[in-house]
Amino acid sequence: SNVKLSTNSYVKHDTIGPTQLGRFQRENATLLMLVRNEELAGALRAMRSLEDRFNKNYHYDWIFLNDVPFEDIFIETTSAMASGITKYAVVPSSDWSTPNWIDQDLYARQREYMTKIKVLHGESESYRNMCRFYSGFFFRQEVLDNYDYYFRVEPDVEYFCDFSYDPFKIMKEQNKKYGFVISLHEYEDTIPTLWEAVDEYIQEDEGYDIDMENNIFDFIIQEDSISSAKVFDSNSDYNLCHFWTNFEIADLNFFRSDKYLRFFNYLDSKGGFYYERWGDAPIHTIAASLFLRPDEVIHFEQIGYKHSPYFACPSAYSYRLNQRCLCDYAGTGNIHLEAISCLQEWWKWGGGKTFMSNY
Ligand code: GDP
Ligand code: MN
């Protein structure tokens, strides 16, 4: 009894509603995937993994976003894979294109330059649209209007372990605004002038939106004393640490806030999403560092997760047993063992103390 499939409307794959199916109480939250039609196989693999490890017990909705309409085969197969309701929406082109004030000649020259110095996706326009979309527009999509939390999923990611809790519930109960699993250093060539812009923004803010006494800013600031031992040295005060946003569980209302929008608009006006290749990860991370209190950010240590080439495998053997993890702790790419990781910085700053109290 499928409803008629169409590319830009809601589809529910089962007549049994999720509230009847649900074994556990749910929060007002959704799983969210921006994805291309040609990534269908990887999308299904990621869904299968998250369904088996978590969502089969909860039946949270899945929302799929695309800059072009989804094909029927995409809608049909992802709806079949989901244990919850599925929704599909096309991103308006105004949220996925270079603003008209972008200097197209400069933009073309910069893409050429970034390609020459071998910046990953240095030539790509769609990648830049994607990064800007995830920085400033995903949370404004109408299909997300009635949700408070989202869990970002990408094609081909894998979840290694049974979830031992509902991360949305923790977000809600502990008043968390932003949750991550992996944190690492950014490639500086993608953001040569980002920090300058952030610095300017902080000066101009004059403490209006930013409370430097009660945020996590120090987590992303270079510590001179240990810089000689650093693998990743930055030309600015920014230590290049960012939360890896391909996994992200966050409160949409944080991104919808005036603070965040002011910050995004300011950065956007610099053109760095296009003239450089600013990623949504440093943008989200710097915003969280400026605007959130230490107790509002959470590192989900017990979640096993892989997005090539890195992964997180819980470090406690007992967790790996209890949660039936399928990960090779000593394997290449474990973020706990890689120099590119920023988890050391996180713990050194005191991130461990901000962890969940009751779980
Ligand atoms: P990476 O993780 O930085 O290598 O970037 P990805 O290629 O994985 O892109 C990040 C997310 O955006 C993934 O969920 C992709 O499926 C999605 N994505 C990237 N580019 C496009 C695009 O042009 N169109 C659509 N619809 N999704 C995209
Ligand atoms: Mn990816």
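Conventions we followed
- Residues numbered from 1 in each chain as written.
- Chains lettered and ligands numbered in written order.
- Predicted model: local features only at pLDDT ≥ 70, side-chain atom pairs only at ≥ 80, totals over all residues.
- Helix = DSSP H or I, 4+ residues; strand = E, 2+ residues; numbered from the N terminus.
- Buried ≥ 20, exposed ≤ 12 C-beta atoms within 10 Å, placed from the backbone.
- Contact = placed C-beta atoms within 7 Å.
- Near = placed C-beta within 6 Å.
- Nonpolar A, V, L, I, M, F, W, Y, C, P; charged D, E, K, R; others polar.
- Axes fitted to C-alpha atoms, helices over the stretch in contact; angles between N-to-C directions.
- Parallel < 35°, antiparallel > 145°, perpendicular 65-115°, else oblique.
- Left-handed = near helix turned anticlockwise from the far one by under 90°.
- Core = buried A, V, L, I, M, F, W, Y, C linked by C-beta atoms within 7 Å.
- Arc of directions from axis to C-beta.
- Pairing = 2+ DSSP bridges.
- Right-handed = clockwise from strand over helix to strand, strands pointing away.

Draft legend 1. Broad picture of the overall build of the protein. Scanning the protein from terminus to terminus reveals 13 helices and 13 strands. Across the 359 residues that make up the protein, the buried fraction comes to 43%. Of all intrachain contacts in the protein linking residues separated by at least 6 positions in sequence, the fraction that spans at least 24 positions is 83%.

Draft legend 2. Quick peek at the site of ligand 1. Neighbouring ligand 1 are the residues Leu-34, Val-35, Arg-36, Glu-39, Asn-66, Asp-67, Ser-126, Met-130, Glu-154, Pro-155 and Asn-246. Split into classes, the residues belonging to the shell around ligand 1 amount to four nonpolar, three polar and four charged.

Draft legend 3. Focus on the environment of Leu-106. Looking at where Leu-106 falls in the secondary structure, it is placed in helix 4 (residues 104–116). Of the residues examined, Leu-106 has 12 C-beta atoms within 10 Å and is grouped as exposed. Separated by 65 residues in the primary sequence, Leu-106 and Met-171 have C-alpha atoms spaced 42 Å apart.

Draft legend 4. Here's a closer look at the packing of helix 9 (residues 258–269) against helix 11 (residues 280–291). Helix 11 packs onto helix 9 with a crossing angle of 135° between their chain directions and a minimal axis gap of 11 Å. Here helix 9 lies oblique to helix 11, going by the angle between them. Between helix 9 and helix 11 lies a crossing whose hand is right-handed. On the side of helix 9, the interface is formed by Lys-259, Tyr-260, Phe-263 and Leu-267, while helix 11 contributes Ile-283, Ala-287 and Phe-291. Tallied by class, residues from the contact of helix 9 with helix 11 come to six nonpolar, no polar and one charged.

Draft legend 5. Fine view of unusual backbone geometry. The omega torsion across Ser-308 and Pro-309 is 5°, close enough to zero to call that bond cis. On the secondary structure map, Pro-309 appears in the loop between strand 12 (305–307) and strand 13 (310–312). The phi angle at Asn-175 is positive, at roughly 55°, despite the residue not being glycine. For Asn-175, the position within the fold is in the loop between helix 6 (167–173) and strand 7 (178–180). Under the C-beta neighbour-count criterion, Asn-175 is labelled exposed, with 11 such atoms within 10 Å.

Draft legend 6. Broad picture of the nonpolar core. In this structure, Ile-182 and Tyr-305 are the most contacted members of the largest nonpolar core, which totals 93 residues. It is helix 11 that provides the largest number of residues to this core, a total of seven residues. Once you skip the residues sitting within four places of it in the chain, Tyr-305 turns out to touch Val-157, Tyr-159, Phe-160, Val-181, Ile-182, Phe-247, Phe-311 and Ala-312.

Draft legend 7. Structural view of the environment of Phe-70. Position of Phe-70 among the secondary structure elements: in the loop between strand 3 (61–66) and helix 3 (72–81). By the C-beta count within 10 Å, which is 24 here, Phe-70 ends up buried.

Draft legend 8. Up close: the environment of Tyr-329. In this fold, Tyr-329 is placed in the loop between helix 12 (317–322) and helix 13 (343–349). The class for Tyr-329 is partly exposed, based on 16 C-beta atoms found within 10 Å. Those residues in contact with Tyr-329, other than ones at most four positions away along the chain, are Cys-313 and Asn-334.

Draft legend 9. View of helix 3. Considered for burial, the residues of helix 3 that qualify are Phe-74, Ile-75, Thr-78 and Ser-79. Here the buried residues of helix 3 occupy an arc of 115° about the axis, which is enough to place them on one side. Exposed residues on helix 3 whose side chains face more than 90 degrees from its buried face are Asp-72 and Ile-73.

Draft legend 10. Molecular detail of the pairing of strand 4 (residues 86–90). Pairing analysis gives five bridges linking strand 3 to strand 4, with the strands arranged parallel. By the bridge assignment for strand 4, Trp-62 is matched with Thr-86. Crossover handedness for the path strand 3 to helix 3 to strand 4: right-handed.

Draft legend 11. Representation of the sheet that holds strand 13 within the structure. In space, the three strands of this open sheet follow the order 6-12-13, with antiparallel pairing throughout. One side of each edge strand has no neighbouring strand; the edge strands of this open sheet are strand 6 (158–159) and strand 13. Sheet topology note: the strand 6/strand 12 ladder contains two bridges and is antiparallel. Paired with Glu-158 across the two strands is Lys-306, which belongs to strand 12.

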